[in-house]
Structures are given as structure tokens and as C-alpha cells.
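Per-entry structural report
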Amino acid sequence: MQSQILCRGTAATVAARRMRNILGAVLGRDGWMWRSHEVKLLNTSSGDTVKIGDIAYKLKTPQNPELVPVKHISDSLPQTVAQHLRWIMQKDLLGQDVFLIGPPGPLRRSIAMQYLELTKREVEYVALSRDTTETDLKQRREIRSGTAFYIDQCAVRAATQGRVLVLEGLEKAERNVLPVLNNLLENREMQLEDGRFLMSAERYDKLLQEHTKEELDSWKIIRVSEDFRVIALGLPVPKYKGNPLDPPLRSRFQARDIYYLPFKDQLELLYTAGPNIAAERVSQLLSLATTLCSQESSNLGLPDFPVDNLLSALYVLNVFPMLSSQKLIQRLYPYNSILGKDGRSAVEGVLSRFELLDGRRELAPTAILSVSKTNDVEGHADVTLHIATKDITFQVPAGTKEARPPNSSPTFISTPSHSQLMAEMMQSHMVKDICLIGAKGCGKSVIAREFAEMLGYSIEPVMLYQDMTARDLLQQRYTLPNGDTAWRPSPLVTAAIEGKLLLLDGIHRVNLGTLAVLSRLLHDRELDLYDGTRLLRWDRYQTLKEQLQLSDEQLQERSIFPIHPSFRVLALAEPPVVGASTSSSNSRGQQWLGPELLTMFLYHSVTPLARAEEIGLIQGLTPNVPKDAAEQLLNLTHSLRKTNDPTAQSLASSLSTRQLLRICRRLSQYPEESIAHAVNKACLSRFLPSLARASLQKSLGNCNIQDTPDPAEHTRDYSCTVKNGVLTIGNVSSAIYNPNQKMKVPDVLFYDNPQHMMVMEDMLKDFLLGEHLLLVGNQGVGKNKIVDRFLHLLNRPREYLQLHRDTTVQSLTLQPSVRDGVIMYEDSPLVKAVKMGHILVIDEADKAPTNVTCILKTLVESGEMILADGRRIISDPLEANGRPNTIVMHPDFRMLVLANRPGFPFLGNDFFGALGDIFSCHAVDNPKPQAELAMLKQYGPDVPDATLQKLVAAFGELRSMADQGTITYPYSTREVVNIVKHLQKFPDEGLANVVRNVFDFDSYNKDMREVLIEALHKHGIPIGAKPSSVTLAKE
């Protein structure tokens, strides 16, 4: 690297010569001029020796040859790597443990593995994460036939068997976990939980001269092999995210900086990858990458460029030389998504300097013409792309099912931008795993499903959530019926073995320390599990099989499995929020896409559809929608999307493609409805801040969408009738359900009033369209009553779930209980509702963390969900045939979710912001004065009318004050009803006394109290009368 930078221009050459003279004395001759080292394998009579340069290492025959890494060494070893290997060998001969530090990417791990393959050493690999505990390193308790005993974990196995322990991701482990290893690193000693003591080889051998092996065994002393070494791999922490190294731990390692390979070595690698590409273009791409990794660009706040991914990009470029370099760079380094304005212009400056700004020219239209299974290579398909004017055929991994021809699905309407995206995904799919970035509701899941079906993949959806642990991703503990503990592989692992397409939904939510467990799977296609199982890349597995001449069964007995060659990962994520902190758990999102994640995937952005495409999509999926209504709706949406005003942007996010389709489905069924009503409902405009609401009304006005008041609204009869098994609410009718569990149908005291009837009519319309409903409102406006009454009228049984702060994903789906010493899982109301086809009412949905409730998304969207005990809910009964552990979703299952409105004074999370998109939303409000008066008369028939009118008027004014923000607490119908009930039972008490039941909460807040007293006095309720405000007559 140094000689590279210092050889430009005369001044630089002079400077370089001076530096060499000064540093020559300090560094010795090989400090400055790198010597070249070659790696040789020598066979002598006394055994095989490996020589790197002048350093030799004598090979030993491994006890378990299947644990020695294979196929890690490349044919041409770059000089830098040879130097790193020589250094590791020096440390190995000295018996020291090493720490390879450097930027994110697979290089450090690959160097460690190459060394172990060279020296034929067995490896114990462990990827540390934020939930690694000492039991993962030392010993773990397992139960076999009722007895608990300890099983050695990686560190202890490596120490006793003389293997090399590779610890990856030291900066991910929680502080104070790794000091468990301190004494093992320093003195090769460790006290184990089961009473045994590990002792260093020299001390053990000394004791052996005085005592017999039996004596030492009876004292439970175990010898640590002299071949045991530790190789730690980590990132430098102040620069990257993570926990800094603990000083006592750091001092026990010898460090080596493993930076990216020097320019020359990288260039040679890239030339071999892309023989069809002009040499100049390759060096321009590499210069860009080197520049974006330099200190200057990280001072500008630019994340490191994923240099290791250039190789896969060049494979793509080699097949498609006509691709624009800038578009290719965006797949590796999506700078438009991750950087702000300054960052983008900085990157574009670098691009133009290396003449890579060719994305301006018109994009060559690409489309997938055909996909056909290849006969010669198993698990691959031939894909033909039409790009510009040529047809290019290439091979990509494909699934095991029958592939479906492109654009033949009835539920997927292809648009030009989507077919372009699909073709680009095909190119990336040839070399690496893909990540789709797009706002919610823009069609990521639909595109992923279409992509999978086109290639004949079975999809394995995994919904990620924030407090997910590495165990949830890989393997979970469970108990067998006899009480023994065992490990259950997660869907991710079965997908890898069976060659499915793994859909990781929501990698923007999950913690980076957990996701890092997958980096080895994504880079190398290898995985080590908690129970000691190893998954190997297909070709490495085959090589191992040939070298050791073992059958599949023998390797499986040694718990080694191949990863299917077709296995691929497709991740979905929402766009990173530029400028947000990296770990913020707020609902606004976070800057999740850092240098580490950049190395794992190739990124594709799903842009919102253009207007013409969106109209085509809507008319294709809802053919009966009134044409002018759809036009108006899209005018409004696109005018909101185009503005730079953040309030309008947030309104536009409520009108995603998914919401527009929902509105249009409803309009095609009920064409007489007003669009303004539908838009207000989708944006939940009743609870928007006043600024945003005004902005929405203005946009509606600009697009000539008027909310025409229904002339018959006051005269319309909002009644509900049940005739001959048909329920009619207003103008909507539905057949009454015939339940098999009558006792679960709710029955509630409910006084009909026009406003609640309107809400129920609205709900019934959506319910008949097959939507899941979300009711949002202030407290005490009757959300629960409306839902219970609604289900009572429809005669539907309900299951009830109340959420709270401590709700976890597990508690939503299963409730564990212990019976006869065995853990049994009882189905939660959610699972019961899915099985029986009941209606699941989820109350207080805004109280649970949004990262927990987000698992409802896959349930609502695709009808799939994985339970904690390994069972899975599936909506398609055909797919469930022959699959064990499946629960078929009953066609009558539906969810009704209740939540308070977002914002102060409610202290909940923004459920609507996170998940409002997948439900049909209804705002519930207090009844209008007339309706409220009629309702109160039914609660208090003996209370004088004048009193009721005073109450209704006073509370009406308080509510409008709450809407304007003068007071914070929104007084609701529940409070008035309680006052009226009291007056009905105890008619002699004064009104002023009874209203204090509600207003005493505010008696200590001086400003609030004055506002309340004034409002109540205005309506003739004499509350808070002080002697000072009453003048008594003299005798």
C-alpha cells in the first residue's frame, strides 16, 4: 500500500526516499522492502513439513480429519496473505494466541482458515454475539434420562483435544463474558463446572513423573494439549460499532492488522474474475473502492466500501459488459439510501473523478425472457435476459420445485420498473445473496414471492424482530417427552439444508450483534450450531467426502451436513433513516446499514411505482374500480409523494401501494363512497396533528376531492335488524355465522346510537371484503363495546388477548407449562383463533413494543407464522399436505385490533405508524351531542333533561379544547356515563358534587383547574365554588 501511494510525482519520490533512509535504520531491511515468501510442503522421512519463506512447521496427523478446513486456500496466494500466514506461524511456534484485527469482511476469517488448512489443524469455530454466555464457551448442562450432566463446549474441547479455537466478533460479546477465558489464554488453566481442572501441558507432565495417570484422573486434572491455540477475529472498535476490548484480555493476544489486500494483489484477482472487461474499467472500480475506504472519506462520515464484494460484482459485469458502472456500484454501496445530501455529492465526486458516472445515460431496458432447468448442473436454471438489444443466457441457482414462466401469475401484475428490478435481481442472484430495500407497502414481499416462483424455490419466511437472539435464528432448546433436553433446528437451518429461498423479513429491526452470527453463512456458506453440528458448503463437503472416503451416513454420524447448492438468502428491509443514530429503538427508524452489513448482501432498491404503472396495477387487480375515482386518488398520492415537505411525506407513507389497493377494492364494491372519506380513514386524519391535517385537507382541495356530506345522513335510518339469519346494519347485509362454540360469542350492554352504527356499518363493509380491522380512538369512546356488539350481531366467537409492556413474541403464540416434569406448550388465544376460525380481539395493541407486534405482519399478509415450539401456521391447505407440524389457518379467522391514538397523553407505542399499513383502520370518536344525549337518557331515565344537557354541552366544549391542545386530557363518554349512573342511583346528590368524581384528578394542577372551572361554570355546573366567589347576604 505504502509504495503505491508514495510513487506519484517527483516531490513524492523524494519524500519516499527520505522516509526510507530514516526508517531503514529503525525497521531493518525487510521492514521497508517486503520480501517475497513462498509456501512449500516438504515430505521428509521424519514427517511432512510446511515452509513459509524461512519458517518451518512440522505437521501432525489430525485425530478428527473431518474438522480440518478444506478448500480455503486459493491457487495463487497473494504475497500479503503469505506474509500474514508466516506471521501466524511464528506466533504458533512461540505458543502465543493471535488477534487478527481489521475492517469488516471475510478476509480475516479466510486467512485464519487458510493457515489451519495449511498446518492440518482441527478447528473449533464460534461466532460471538450479544447473547453469548460463558456456557457457550465452557460447559453446558444437558439432561439425559433424568440426569443432568455437563457437555464440553468449544473452548474446553479445543483445549483438551489440541484444536485451534477461532473466536469471531469479539466486539459483539457483552462486556465481562470473555474474561472467562483469561486464565486459559495466559496459563492454560481453567476450573470447570463439573469439578474437573484443566492444567497446562508442562505442569501436567511434571506431575506425571511423580504420580500415576490414575491418581491425576482421580483428582480430576485434565491435560491441556500443547497444540491448543486461540485465533481471535475482531473489528477495531472506536472506528466501528461494538464493545471495546477489555484491557486484561487484550494484553493476552498478539495483534496483526489485516487490512484489505494491496491494490496490485486485488487487481490481479479482479482481472481473473472479469476477463471480458476492459482493464481500465476494472482499475477505475478498484480505485473508487480504495478511495471510499481511505481515512479522508471516513472523516466525511462515509461508511467503508465493501471491497470484498467487488469480486462478485465483476462476475456480473463479465457476463453483462454493457451494464452501467454507476448502477453496479449502487448495488454494492447504495449511497442514495445510506447517505445524506453531502455524503451523496461526495460519493458522486469520487465517481466522476474515476469516470464512473455513466448512470445518466438511458438505462438499457432489461426483462427476463425465459427460465428453464439445466440438465447438466443440478440445482441450477438457465435464465435468458433481454438487455438493450441482445439476449444473454446465464446460469443461476434454482429451487427444487417446477419453475413457473415469468409473468404468468394471476396475482402479480408486471410493470416495466418491476420487470427491470427482477432482471437486475437475477443478475445479482447469480453470484450472491440479495437485500431489497423499500418503504413499507411498496411490494417487496410480492416481488420476492414472484422471484422465488419464477425460479422454482420454496420460500422459508423468517420474520425478524428486535429482541431476537442468535438462538432464535439458529437453534432452540426444547425438551423431549421423557424430559431430556434437545436442540431444534430453526427454519433458517432447515432452509439451508433443503435448498430453499430464505426470506429474512425486516433486517432493519434486528440487532447487528445478532445478525453477525449469519456473516459466515452469507460469506462462506458454513455454519456451526450449538449442538456441535457443522454445515459445510456443498463443494467443500464433497471434497471432504472424497479425501476421507466416507459416506454421507458416516459424516452425518459425525454431525456434518452439506448446505444445499441452491440455498439463497433474500433479505427485505425498510430504508435506513439518514442521520438517525445507529441504535435508536424509536419508531422513526435507524441507520441500520453500516459497513458490516454492506459486505453481506448486494442491495436493490424498490422504488415507489410511477403513476402510469400504479394505475395499471390497480386496474389489473381491482378491475371494477370507478375510473375517475382511481385517477383522483393517484393524483393526490403522487402530489404528496413529490413534495419535499416532511408532513406531506409522512402522509404519503400512509398511502402506500398496499393501502391504495385496499381503498380501490372497497370502492369497486361500494362505488358511491366518497374518496375523501377513504383517504381520511387511511391516514387516520382524525388524530393527525393540526398542521398535518390542514396539509391533507389542502391537498385534497387541490386535487378537487371534496368530502360531499351525505344529504340523507341525518334522515338515514341507522338501525340494525336481524331477519331470517341475515344481519343488516344501515345499507350493508351479511349472513349470520353459525358457531360451534356458542359460549365464546360476546354479549354486552349496548345502547344503539347513530354514530356507533355508522362505524359498525363501515367495519362490516371491510369485514366482508376480508380485511383485518384496526380501531383507533381515545380512551372511553367505546372501542371494546363496539367490537363486542359487532361480534354479537354477527354471532362470531372471539378470543381475547390483552397486550402490555412485557409481551414477548413467545407469549403471543404459546404459553409454556410444566406437566409431570415435561414442558408442555398450551396454545395462546392467537393460535386457538387461527385453528378454530374465531375472531381474535387484540386489546391495548399500542402498549406492546412494536418489534413484538410486527410478527403479526406475516400472519396477516401471507398467512404464515412460526411458533416457538416449531409448529407453523400455513394458510394454504394444499401446501400443508404431507408436512409435519403444521396448523392450517381456518378461512374464517380474522383479527380485530384495538389501540389508543398515537401521541401525548397516551404513553403507548406508535402501533399505527408501524403496522397501520396492513390493517383497515377505523377512527372511533365520542358520539355527537344528540346521539350522546339519547344514550345518556337510556343510562339515566330518571335524571332531569336539563342536567343531561348541561353535561353534554360542558363535555363537548372540553373535548374541543382537548382537540385544540388547550388541555391535554381528552374527556370521554365513559366519564359522562359514570356521572349519569351515579345521579340515577343517588338523585339527591348535587351535580357539582358528582362531577368532582371526574375532575378531582386535576385538582392539584392550578392552570388546568382554572380552565375547567371556567368551562363548567359557563354551562351552569357550579364546581369549585370558593367563599371568595360567593357573596353571602347579611342578616
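Numbers given to residues run from 1 along each chain, matching the order in which its sequence is written. Since the coordinates come from a predicted model, pLDDT governs what is reported: local features require at least 70, and pairs of side-chain atoms require 80 or more to be given and counted, while whole-chain, interface and lining totals use all residues. Values reported for side chains reflect all heavy atoms of the structure, with hydrogen atoms and water molecules removed beforehand.

1. A look at the packing of helix 44 (residues 973-985) against helix 45 (residues 991-999)
The condition is simple: Whenever a helix is involved, its axis is fitted only over the stretch in contact; in every case the axis is a line through C-alpha atoms, and angles between N-to-C directions fall within 0 to 180 degrees. The helix count covers DSSP runs of H or I at least four residues long, the strand count covers runs of E at least two residues long, and both are numbered beginning at the N terminus. Oblique is the label for every angle not falling under 35 degrees (roughly parallel), over 145 degrees (roughly antiparallel), or within 65 to 115 degrees (roughly perpendicular). A clockwise turn of the near helix away from the far one marks a right-handed crossing, whereas an anticlockwise turn of less than a right angle marks a left-handed crossing. Any two residues whose heavy atoms approach within 4.5 Å are treated as being in contact. Amino acids outside the nonpolar list (Ala, Val, Leu, Ile, Met, Phe, Trp, Tyr, Cys, Pro) and the charged list (Asp, Glu, Lys, Arg) are all regarded as polar, and Gly is one of them.
Their axes nearest at 9 Å, the elements helix 44 and helix 45 cross at an angle of 140°. Our classification of the angle between helix 44 and helix 45 gives oblique. Taken as a pair, helix 44 and helix 45 cross one another with a handedness that is right-handed. Counting all contacts with helix 44, which are made through Glu975, Ile979, His982 and Leu983, the residues of helix 45 involved are Leu991, Val994, Val995, Asn997 and Val998. Partitioned by chemical class, the residues of the contact of helix 44 with helix 45 number 6 nonpolar, 2 polar and 1 charged.

2. Let's talk about the confidence of the model for the protein chain
Heads up, the condition is: Values of pLDDT, the confidence the predictor places in each residue, fall between 0 and 100.
The predicted model of the protein chain has a mean per-residue pLDDT of 86, with 93% of residues at 70 or higher. A low-confidence stretch, residues 583-588 stays under pLDDT 50, and its non-local contacts, those more than four residues away or across chains, total 7 contacts. For residues 1030-1035, every residue scores under 50 in pLDDT, and the model assigns this stretch 1 contact once sequence neighbours within four places are set aside.

3. Thoughts on the environment of Ser654
Here is the rule we go by: Burial classes: relative accessible area under 20% of the type maximum marks a residue as buried, over 50% as exposed, and values in between as partly exposed (1.4 Å probe, protein chains only).
Turning to its location among the elements, Ser654 is positioned in helix 30 (residues 646-654). A relative accessible area of 15% places Ser654 in the buried class. Along the backbone, Ser654 and Gly916 are 262 residues apart, and their C-alpha atoms lie at a distance of 7.9 Å. Not counting residues within four places of it along the chain, the set of residues in contact with Ser654 comprises Gln659, Ala682, Cys683, Phe912 and Asp917.

4. With respect to empty space enclosed by the protein
Operational definition: We place a 1 Å grid over just the protein atoms. Points where a 1.4 Å probe fits but has no way out form a cavity, open points with protein on both sides within 12 Å along at least 5 of 7 lines form a pocket, and any residue with an atom within 4 Å of a point lines it. Grid points are joined across faces, edges and corners, and a volume is the space filled by probe spheres set on the points.
Using the criterion set out here, one finds 8 cavities of 30 Å³ or more in the structure. Looking at the largest cavity, it is lined by 22 residues, and the ones nearest its centre are Met463, Tyr465, Met468, Ile866 and Leu867. Those elements giving two or more residues to the lining of the largest cavity turn out to be strand 18 (459-463), helix 21 (470-474), helix 22 (491-498), helix 36 (809-813) and strand 35 (865-866). Among the residues forming the lining of the largest cavity, the class breakdown is 14 nonpolar, 5 polar and 3 charged. Of the voids in this model, the second largest cavity is the one considered here, and its volume is about 190 Å³. In terms of lining residues, the second largest cavity is bounded by 20 residues, among which Arg108, Glu168, Lys172, Ser519 and Glu596 are the most central. Listed by contribution, the elements that provide at least two residues to the lining of the second largest cavity are helix 5 (107-118), strand 12 (229-234) and helix 24 (519-524). Here the residues of the lining of the second largest cavity are counted per class, giving 8 nonpolar, 6 polar and 6 charged.

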